[in-house]
Amino acid sequence: MLRRIATAAIAAVLVAVSAATYAATRTWSGATSTSWNTASNLVENAVPVNGDDLVFPDNPTNRTSNNNIAGLSVASVSVTTTNSGAAFNYTGNGITLTGPITFSNPGVGTGSGNPNWAIPIALGASITMTSDGRVTPFNATIDLGANTLTVAGGGDLFVNGVVSGTGGITKNSGSAFQLFGANTYGGATLVNAGTIFVRHPAALGSSATGTTFANGAGLGVQSGPYTLSEPLTFQGPGNYVNAYSNIELAGAISFAGTLTYTAYGPGSISGPVTSSGTLSKNGVDTLSTSGNWPAFTGAVNVVAGGFAPTGTFPAAVNLFAPASLYGYGTTGPLTITGGTFAPG
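Conventions adopted
Residues numbered from 1 in each chain as written. Predicted model: local features only at pLDDT ≥ 70, side-chain atom pairs only at ≥ 80, totals over all residues. Heavy atoms only, no water. Helix = DSSP H or I, 4+ residues; strand = E, 2+ residues; numbered from the N terminus. Buried < 20%, exposed > 50% of the residue type's maximum accessible area, 1.4 Å probe, protein only. Contact = heavy atoms within 4.5 Å. Areas by Shrake-Rupley, 256 points an atom, 1.4 Å probe, with all protein chains shown as cover. Lys, Arg positive; Asp, Glu negative; His and termini not counted. Charge placed at Lys NZ, Arg CZ, Asp CG, Glu CD. Polar contact = N/O pair within 3.5 Å; in protein donor to acceptor, adjacent residues only side chain to side chain. Core = buried A, V, L, I, M, F, W, Y, C linked by side-chain atoms within 4.5 Å. Patch = residues over 30% accessible without salt bridge, like charges linked within 9 Å, V, L, I, M, F, W, Y side chains within 5 Å. Salt bridge = Lys/Arg side-chain N within 4 Å of Asp/Glu carboxyl O. 1 Å grid on protein atoms, 1.4 Å probe; cavity = no way out; pocket = protein on both sides within 12 Å on 5 of 7 lines; lining within 4 Å. Points joined across faces, edges and corners; volume = space filled by probe spheres on them. Nonpolar A, V, L, I, M, F, W, Y, C, P; charged D, E, K, R; others polar. Pairing = 2+ DSSP bridges.

(A) Structural detail: the overall build of the protein. Counting its secondary structure elements, the protein contains 1 helix and 38 strands. Residue burial in the protein is summarised as follows: out of 344 residues, 45% are buried. Relative to all contacts within the protein whose residues are 6 or more apart in sequence, the contacts with residues 24 or more apart total 27%. On the protein, roughly 13,500 Å² of surface is accessible, and the fraction owed to carbon and sulfur atoms is 57%. Taking the average place of the 8 positive charges on the side chains of the protein and the average place of its 10 negative ones, the gap between the two points comes to 8 Å.

Here you go:
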């Protein structure tokens, strides 16, 4: 019995050592075609296998590569592009990632040499996705499983594919992170820096867990009209909502300190608001509110554009020029130092 156990243990160790021995870096060149499954297309003259690190440099022979290997699981992916020439295209079968994926796109904005990542990924562990430099368009699905995807780097990241799984997303990047899909992921979303942009009513996944904004991070809502039912928690001391189109915030909202709502287009809040802080209404367009908010005991500073409450809350309202106050809601004390007061 002991001999059988010892034999099994030795076999397990040998398998682990074998995997470690053969895992290696595979660097794309595309010397003969677009196929990952052709050894001559890799600098090392070897096809990628499970556990390898994949490197896609900025000077390959072929800027288009296609994963025609089924069931590939890799330890990391590193992509570097240039701000000129043809686009870099990454297509084909999905891969499982157990480590980081990094996009380095020198320059700013969008450039002719943008990366087009269209390979679905499934997370085999909690990983970090980094985008630096120009915009990274991620045009594929992401299956989180039960893991956390952490977004980092100083470049904008646009995710156009559906994000699924029971895991969540943590945003640590100071740049823009945009979610375009009808996402179904069930975990929490934590925004520690910069702006997360919502381009679909289900962009933040299941509304059961909510999204939390820390360290002055903020929310951008675009591509309306639609209703966003996600509960939103702003931890302060100063967070923001930038509303670019007609979008209704219907989930519960709580905030500490100051929450600045800037209306670049008309918008509304119908979900209950809980705060003893200050809601600052900025921007050229109008914010409308509805519903009863007994737990909103702070203040509303109407600094620019319009504010049109139609519900009830005990918070004070302060009107400043050149802003306008409309509506027929019931609020706390009203102080007018300037602007236009037109109730009803």
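From this point, things continue past the structure.
(B) Representation of the side chain of N41 in the model. Counting through the fold element by element, N41 comes out in the loop between β1 (25–27) and β2 (53–56). Accessibility expressed as a relative area gives 0% for N41, which makes it buried. A distance of 2.8 Å separates a polar atom in the side chain of N41 from the backbone oxygen of S35. Apart from the residues within four sequence positions on either side, N41 is in contact with T27, W28, S29, G30, A31, T32, S33, T34 and S35.

(C) Highlighting the nonpolar core. Formed by 72 residues in total, the largest nonpolar core has its most connected members in V77, I95, W117, F138, I142 and L249. Examining the composition of this core, we find that 3 residues originate from one element, strand β28 (residues 258–263), more than from any other. The residues contacting I142, other than those within four sequence positions of it, are I121, L123, M129, L149, V159, V162, V163 and S164.

(D) Highlighting a nonpolar patch on the surface. Together, L334, I336 and F341 make up an exposed nonpolar region whose accessible area comes to about 260 Å². Topologically, L334 is positioned in strand β37 (residues 334–336). According to the relative accessible area criterion, L334 is partly exposed, its value standing at 38%.

(E) Focus on empty space enclosed by the protein. Under the counting rule described, the total for this entry stands at 3 cavities of 30 Å³ or more. Space inside the largest cavity adds up to approximately 50 Å³. If you list the elements that add at least two residues to the lining of the largest cavity, you get β3 (64–67) and β6 (88–92). If one sorts the elements of the lining of the largest cavity by residue count, β6 sits on top with 3 residues. For the lining of the largest cavity, the per-class residue count stands at 6 nonpolar, 4 polar and 1 charged.

(F) Region of interest: the pairing of strand β20 (residues 195–198). Alternating residues of β20 divide into T195 and F197 and I196 and V198, and every residue in both groups is buried. One ladder, built from 4 bridges, connects strand β18 (residues 176–179) with β20; its direction is parallel. Within the sheet, the bridge partner assigned to Q178 lies in β20 and is F197. The pairing of β20 with strand β22 (residues 218–221) spans 4 bridges and is parallel. Directly across from F197, in β22, lies its bridge partner G220.

(G) Quick look at the pattern of salt bridges. In this structure the tally under the stated criterion is 1 salt bridge. D52 is the salt-bridge partner of R26, the closest N and O atoms lying 3.4 Å from each other. Here the residue R26 occupies a position in strand β1, and D52 occupies one in the loop between β1 and β2, the gap between them amounting to 26 residues. Under the relative-accessibility criterion, R26 is labelled buried at 13%.

So far we have only geometry, and geometry alone does not tell us how the molecule works.
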